Amino acid sequence: MATTDRSRERREEIEAILERKPGVREVRDEADRYTVVGAAGRGTYANWLTPIEEHFVCHRNAIPEIADDSWTITFSGGLDGEASVADLTERFPTVAVAHTMECAGNGRGQHDPETASVQWGFEAAATAVWTGVPLSSVLRAFSEELPESGWLTAIGGDPGEEGVFARSIPVEKATDDCILAVGVNGRPIPAEHGYPVRLLVPGWYGVNSVKWLDELRLMDSMVTEGSLDRPGRHAEWQQDEYRIHPAGETPEPMETIETFDTWDQFESDEIDHPYTFDENVMSVIGAPDGEEPVRAGEVDVCGVAWAGDDTVERVEVSTDGGEHWSEAERFGPDYAGAWRLFRTTWDATPGTHTLVSRASDDRGRTQPATIGTPEEGFGALDSGRYPWNEGGYAANAYLPNAFEVEVEPER
Ligand SMILES: Nc1nc2c(c(=O)[nH]1)N[C@H]1C(S)=C(S)[C@@H](COP(=O)(O)O)O[C@H]1N2
Ligand SMILES: [Mo]
């Protein structure tokens, strides 16, 4: 297909998504390669559940045309058989998981100098309740003997320009809490979020949750070039893109790794360029939203904090741009893989104040203050900065998310 046709198609698709989702605004990359629609403003982060109308969308190919739940998933490699979505939902129990979906490119726009691709601030995160069937039951049913380790590769049904959209996750994670999702927030999954079925990987970066799921393949290794019986490239999205690497370095494809936690991979001797698996600890204030002034006096500051499949252990709020901090209280729903609400009372005095939050996880890791420079590379970690990286992935620095709130005198 000619590029102009493709971009016209994409243009139409984005317009249709924006019409269905009044709570999001459009964000795209300059190469016109990604169809990405950004989550709503700060207010999204004052609520635990994100209405689907405000849930960001991220993919690069056109949405496949899918008729109904006769859509079939093929099981291959160490698995055998196929099943329609109707078969799956009839045969396996219905379960629900709460999941904070965060694009691995969230925070990319905070890298200085700029990296390629979509320039997100903090908008590409959302929490929804996904319903479907337990992946562990499905894998057991379609394998003779399910191994305890190895890799599960999920292939999307979206037609790639040069190859397939394929992602591999460790069997340990696949059989722990993943589901094949058919519903979200009590309704069938909308087309742009993966209708009729997607893989859902709780607490891991969005890229792992393959939409329009076409094939599940059990393998000894992660997907590498030539490892699938498909035309075109196989491993672009696992081995090249979505890996964290300093300027000018090209990640080497790896067949297998033992360390899955994204942050732990920075510290591992085994892995030079981490894969974006579980989400790094992160937080965003949702209210006040900085758009409207507030009245002096007691002001409720509220937001959300998440840590992938780790637990949020502490959230602090500063109203002076990070000079002084006070601990916020966590409240509301508490599900693995989903964000927590936090709140604190701020005794606001007239003037302009800079609000910012920072979270820590149960393994003692705290959001870094800033993103380093390209020259520092991963050395930035030693001075407590998030490493500037060429793909702009997995950034969780807190100062770039600071914002000003106008406080008016009491009446
Ligand atoms: N088949 C397929 N699945 C995909 C993608 C894609 O391009 N194709 N994009 C991934 C990325 S990068 C993200 S961040 C999430 C976003 O999910 P959402 O659009 O439902 O928010 O989908 C993931 N699943
Ligand atoms: Mo993404």
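Just so we're clear, the structure is a prediction, and the values are computed from it rather than from any experiment. Each chain has its residues counted from 1, running along the sequence as written. As a convention, the first chain written is A and the first ligand written is 1, with the rest following in written order. Thresholds applied to this predicted model are a pLDDT of at least 70 for local features of residues and 80 or more for the giving and counting of side-chain atom pairs; totals over whole chains, interfaces and linings are not thresholded and use all residues. Side-chain metrics in this entry use all non-hydrogen atoms of the structure; hydrogen atoms and water are not considered.

**Re the sheet that holds strand β20 (residues 340–348)**
At least two bridges found by DSSP between two strands are what make those strands a pair. Under the DSSP-based scheme used, a helix requires at least four consecutive residues in state H or I and a strand at least two consecutive residues in state E, with every element numbered from the N terminus. With antiparallel pairing, 4 strands are arranged side by side in an open sheet as β14-β16-β20-β19. Strands with a single pairing partner mark the edges of an open sheet, and in this sheet they are β14 (282–287) and β19 (329–331). Each strand axis lies, on average, 35 degrees off the axis of its neighbour in the sheet, ignoring direction. Every angle, taken between N-to-C directions, lies between 0 and 180 degrees, and every axis is a line fitted to C-alpha atoms, over only the stretch in contact when it is a helix.

**Looking at the sheet that holds strand β2 (residues 35–38)**
Pairing is antiparallel in the open sheet, where 3 strands are placed in the order β1-β2-β3. The two strands at the open ends of the sheet, each matched to only one other strand, are β1 (25–27) and β3 (57–59). Strand after strand, the sheet turns through a mean of 30 degrees between neighbouring axes, direction not considered.

**Here's the deal with the site of ligand 1**
The environment of ligand 1 is formed by 19 residues, the closest being Phe 56, Arg 60, His 193, Arg 198 and Lys 211. Here a nitrogen atom of ligand 1 sits 3.0 Å away from a polar atom, N or O, in the main chain of Ser 209. For every accessible area listed, the method is Shrake-Rupley and the probe measures 1.4 Å; residues are considered covered only by the protein chains on display. Contact with the protein chains covers 100% of the free accessible surface of ligand 1, which is 530 Å². Ranked by the residues each element gives to the shell around ligand 1, the list is headed by β3, at 3 residues. Of the residues assigned to the shell around ligand 1, the class counts are 9 nonpolar, 6 polar and 4 charged. We call a residue near a molecule or strand whenever a single non-hydrogen atom of that residue lies within 4 Å of it. Polar contact criterion, stated in full: a pair of N or O atoms within 3.5 Å, where within protein one must be able to donate a hydrogen and the other to accept it, and residues adjacent in sequence count only if both atoms are side-chain atoms. All residues other than Ala, Val, Leu, Ile, Met, Phe, Trp, Tyr, Cys, Pro, Asp, Glu, Lys and Arg, Gly among them, are scored as polar; the first ten of these are nonpolar and the last four charged.

**Topic: the UniProt feature "domain: Oxidoreductase molybdopterin-binding" (unreviewed entry) in the protein**
UniProt positions are given in the numbering used here, feature names are shortened, and annotations may be inferred rather than shown by experiment. As annotated in UniProt, the feature "domain: Oxidoreductase molybdopterin-binding" (unreviewed entry) corresponds to residues 62–221 in the numbering used here. The distance from the first to the last C-alpha atom of residues 62–221 is 28 Å, and the span holds 11% helix and 36% strand.

**A short note on the pairing of strand β10 (residues 179–184)**
In regular strands, side chains alternate between the two faces of the sheet. For every residue, the accessible area (1.4 Å probe, protein chains only) is compared with the maximum for its type, and the residue is labelled buried under 20%, exposed over 50%, or partly exposed between those bounds. The buried fraction of β10 is high, at 5 of 6 residues. Across 5 bridges, strand β7 (residues 125–134) lies against β10 in antiparallel orientation. Bridge assignment links Val 133 to a residue of β10, and that residue is Leu 180. Pairing of β10 with strand β12 (residues 198–200) involves 3 bridges; the strand directions are antiparallel. Residue pairing across strands places Leu 180 opposite Leu 199, the latter belonging to β12.

**Some points on the environment of His 353**
Considering the arrangement of structural elements, one finds His 353 in strand β21 (residues 351–361). Between the C-alpha atoms of His 353 and Glu 291, which are 62 residues apart in sequence, the distance is 13 Å. Contact between two residues is taken to exist if any of their heavy atoms lie within 4.5 Å; hydrogens are not considered. Sequence-distant contacts of His 353, defined by excluding residues within four places in its chain, comprise Thr 319, Trp 346, Phe 403, Glu 404, Val 405 and Val 407. In this structure the side chain of His 353 is engaged in a polar contact, spanning 2.7 Å, whose partner is the backbone oxygen of Thr 349.

**Section: the packing of aromatic side chains**
Working definition: rings of Phe, Tyr and Trp (its six-membered ring) pair if their centres are within 6.5 Å, and the pair is stacked with planes under 30 degrees apart, edge-to-face with planes over 60 apart, and tilted otherwise. Applying the stated rule across the entire model yields 18 aromatic pairs. Their ring planes at 20 degrees and their centres at 4.9 Å tell us that Trp 204 and Phe 277 sit as a pair that is stacked. Of this pair, Trp 204 sits in the loop between β12 and β13 (213–219) while Phe 277 sits in the loop between α6 (262–267) and β14, and the two are 73 residues apart along the sequence. A relative accessible area of 3% places Trp 204 in the buried class. Three or more aromatic residues joined by ring pairs make a cluster, and in this case those are Trp 151, Trp 204, Phe 260, Tyr 275 and Phe 277. Positioned above the aromatic ring of Trp 325 is the side chain of Arg 358, whose terminal nitrogen or guanidinium carbon lies 4.0 Å from the ring centre. Charges are assigned to positions over rings by a cutoff of 6 Å between ring centre and Lys NZ or Arg CZ, combined with an angular limit of 35 degrees from the ring normal.

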